[in-house]
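Summary of the model geometry
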Amino acid sequence: MDENVLQLLRGVVFALSSLLIFQTVSSCPKECSCDTHAKVVDCRGRGLYDIPHKLHQDTLELYLQNNHLRGLGSMSFRETPQLQILDLANNSITTLSPSALLGLRSLKVLSLANNSIREVDRRLLVSIRNLTILDLSFNTIGGLPGALADSFHFLTHLSLHYNRLTKLDRIHLEALGNLKVLQLKGNPWRCDCHLIGFKLWLETFAFKGGVVDSVTCVQPHLMLERDLRHIPYELFHSCMITSYSYLFANIHYLDNKHRILSGQLHPSPRAPSGSDFSPPGETILPECEAKQRSRPVNYRRAIATVVITGVVCGIVCLMMLAAAVYGCAYAAINAKYQRELKKKAKEAGSGEERKNIEREKDKEPLE
């Protein structure tokens, strides 16, 4: 009886093992090749028009480039919630559902390069907050959503080259504290007042060791084919920016930055929403509106500016005080000298009159 039970148990274990092996084998789509040990699914260049089904839920890497995918529907990757690498490059993707990537909380690398994407919905980015590499190059994207700054705190590489970006708001990049590489080449940048804030951010990014390929201007004609990073600020004189405006804007920015770096116990109030990154002051260009004040290139330059300004003002005040004291002292001494001179002259005149009278008296008896 015990032997029969043992044989029965062995049969059950064998059946379960066979079922698991069958499920493992059948979890790989016939259009793809799978590495069950590395948990990699390779569907490159298979002429696919849709995302393949029956993917194993433990898949970590999924490669779908060089196919004919036209769009991503809602929760397109619900079968693979553990994905860490997703490559969709070289397809014909034009539409992205706001919930297409929902559930991919472990996703680290996402490539949507060389498609026909015109815009990226801000809701698409909320579900992939742990992303470190994002490639949106070779599309027709004309602007980025504000959620970029709120979602990608761990992003290190961002590729936006060869799109249709004419400007890039500073707020989209400031929160990307771990960003190391930014690719912007091949966009029709309009280098007017709206890009001065972005120019300042690029200088700060380069100072911290970040890498940028190029930001070549297309408009206006004066800036044609010039790199925004190398254009002197004097060419933006039409924005009516003065050194005092820069100084006070830098001090304001440093104060806010210091509060953020010192901790979140007493955070400073955020700037009003809807602000762009044009420098402070009015502008005479029609396309330049009054926007948020510009911020400093770095701490050292702003602090050095404040210190030098204070030292120069102190020296000037001391010189003016010394000149005033010297003038008052000179006037007092000169007045005293004049009074003494007049007194001596008066005394000398009185002495001469006495001598003349005495001489007259002495002459009378002789006559």
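Residues numbered from 1 in each chain as written. Predicted model: local features only at pLDDT ≥ 70, side-chain atom pairs only at ≥ 80, totals over all residues. Heavy atoms only, no water.

1. Here's the deal with the overall build of the chain
Along the backbone of the chain there are 7 helices and 13 strands. Looking at the chain as a whole, 34% of its 367 residues qualify as buried. Restricting the contact set of the chain to residue pairs at least 6 apart, pairs at least 24 apart contribute 54%. A total accessible area of about 22900 Å² is found for the chain, and carbon and sulfur atoms account for 59% of it. (Helix = DSSP H or I, 4+ residues; strand = E, 2+ residues; numbered from the N terminus. Buried < 20%, exposed > 50% of the residue type's maximum accessible area, 1.4 Å probe, protein only. Contact = heavy atoms within 4.5 Å. Areas by Shrake-Rupley, 256 points an atom, 1.4 Å probe, with all protein chains shown as cover.)

2. As for the side chain of N139
On the secondary structure map, N139 appears in the loop between β8 (133–135) and α3 (147–151). In contact with N139, not counting residues within four places along its chain, are L112, A113, N114, N115, S116, I117, Y162 and N163.

3. Some thoughts on the state of the cysteines
For the coordinates displayed, the defined rule picks out 3 disulfides. In this model, C32 is linked to C43 through a disulfide, with the two sulfur atoms separated by 1.9 Å. With the S-S dihedral at roughly 105°, the linkage between C32 and C43 falls on the right-handed side. In this pair, C32 sits in the loop between α1 (2–26) and β1 (33–35) while C43 sits in the loop between β2 (40–42) and β3 (61–63), placing the two residues 11 residues apart along the sequence. Across the pair, C43 and C32 agree in class, each one buried. Residue C191 pairs covalently with C217 via a disulfide, S to S 1.8 Å. Taking the sign of the torsion about the S-S bond as the criterion, the disulfide between C191 and C217, at about -90°, is left-handed. (Disulfide = S-S within 2.5 Å.)

4. Thoughts on helix α5 (residues 196–207)
Along its 12 residues, α5 runs 17 Å from first to last C-alpha, staying within 8% of the 16 Å computed at 1.5 Å per residue. Of all 12 residues making up α5, 10 are buried, and the element is well covered by its neighbours. (Expected span 1.5 Å × (residues − 1).)

5. Things to note about the sheet that holds strand β10 (residues 181–183)
The 9 strands are arranged β1-β2-β3-β5-β7-β8-β9-β10-β12 in an open sheet whose pairing can be described as mixed. This sheet does not close on itself; its edge strands, each paired only once, are β1 and β12 (211–212). Here β10 pairs with β12 via 2 bridges, running parallel. Bridging across to β12, L182 finds its partner in V212. (Pairing = 2+ DSSP bridges.)

6. Some details on the pattern of salt bridges
One pass over the structure, following the stated rule, counts 6 salt bridges. Residue R44 pairs with D42 through a salt bridge whose shortest N-O separation is 2.7 Å. The exposure class assigned to D42 is buried, which follows from its relative accessible area of 18%. (Salt bridge = Lys/Arg side-chain N within 4 Å of Asp/Glu carboxyl O.)

7. Quick word on a nonpolar patch on the surface
A cluster of nonpolar side chains, namely I303, V307, V311, I315 and M319, defines an oily patch on the protein surface of about 460 Å² accessible area. Locating M319 in the fold gives a position in helix α7 (residues 299–366). (Patch = residues over 30% accessible without salt bridge, like charges linked within 9 Å, V, L, I, M, F, W, Y side chains within 5 Å.)

8. Side note on unusual backbone geometry
In the segment running from Q219 into P220, the intervening peptide bond is cis, with an omega of -10°. Residue position: P220 is located in the loop between β13 (217–219) and α6 (243–261). Of note, N114 is a non-glycine position whose phi angle comes to about 55°, a positive value. When you line up the elements, N114 lands in the loop between β7 (109–111) and α2 (122–126).

9. A closer look at the nonpolar core
Core analysis: the biggest nonpolar cluster contains 59 residues, and F77, L86 and F198 have the highest contact counts within it. Those elements that place two or more of their residues in this core are α2 and α5. Here the element with the most residues in this core is α5; it accounts for 5 residues. The residues touching L86, leaving out its near neighbours within four places in the chain, are L62, F77, L101, L104, L107, V109, L110 and S111. (Core = buried A, V, L, I, M, F, W, Y, C linked by side-chain atoms within 4.5 Å.)

10. Some words on the environment of S92
Inspection of the secondary structure puts S92 in the loop between β5 (85–87) and β6 (95–96). S92 sits in the partly exposed class, given a relative accessible area of 30%. Measuring from C-alpha to C-alpha, the distance between S92 and R70 comes to 4.8 Å, with 22 residues separating the pair along the chain.

11. Considerations on the packing of aromatic side chains
Enumeration over the complete set of coordinates arrives at 5 aromatic pairs. With centroids separated by 4.9 Å and ring planes inclined at 10°, the aromatic side chains of F138 and Y162 adopt a geometry described as stacked. Highlighted residues: F138 in the loop between β8 and α3 and Y162 in the loop between β9 (157–159) and α4 (171–174), separated in sequence by 24 residues. Of the residues examined, Y162 reaches a relative accessible area of 36% and is grouped as partly exposed. Consider the rings of F198 and W201, whose centres lie 6.3 Å apart with planes at 10°: the pair is stacked. Highlighted residues: F198 and W201, both in helix α5, separated by 3 residues, approximately one helical turn. (Phe/Tyr/Trp six-rings, centres within 6.5 Å; stacked < 30°, edge-to-face > 60°.)

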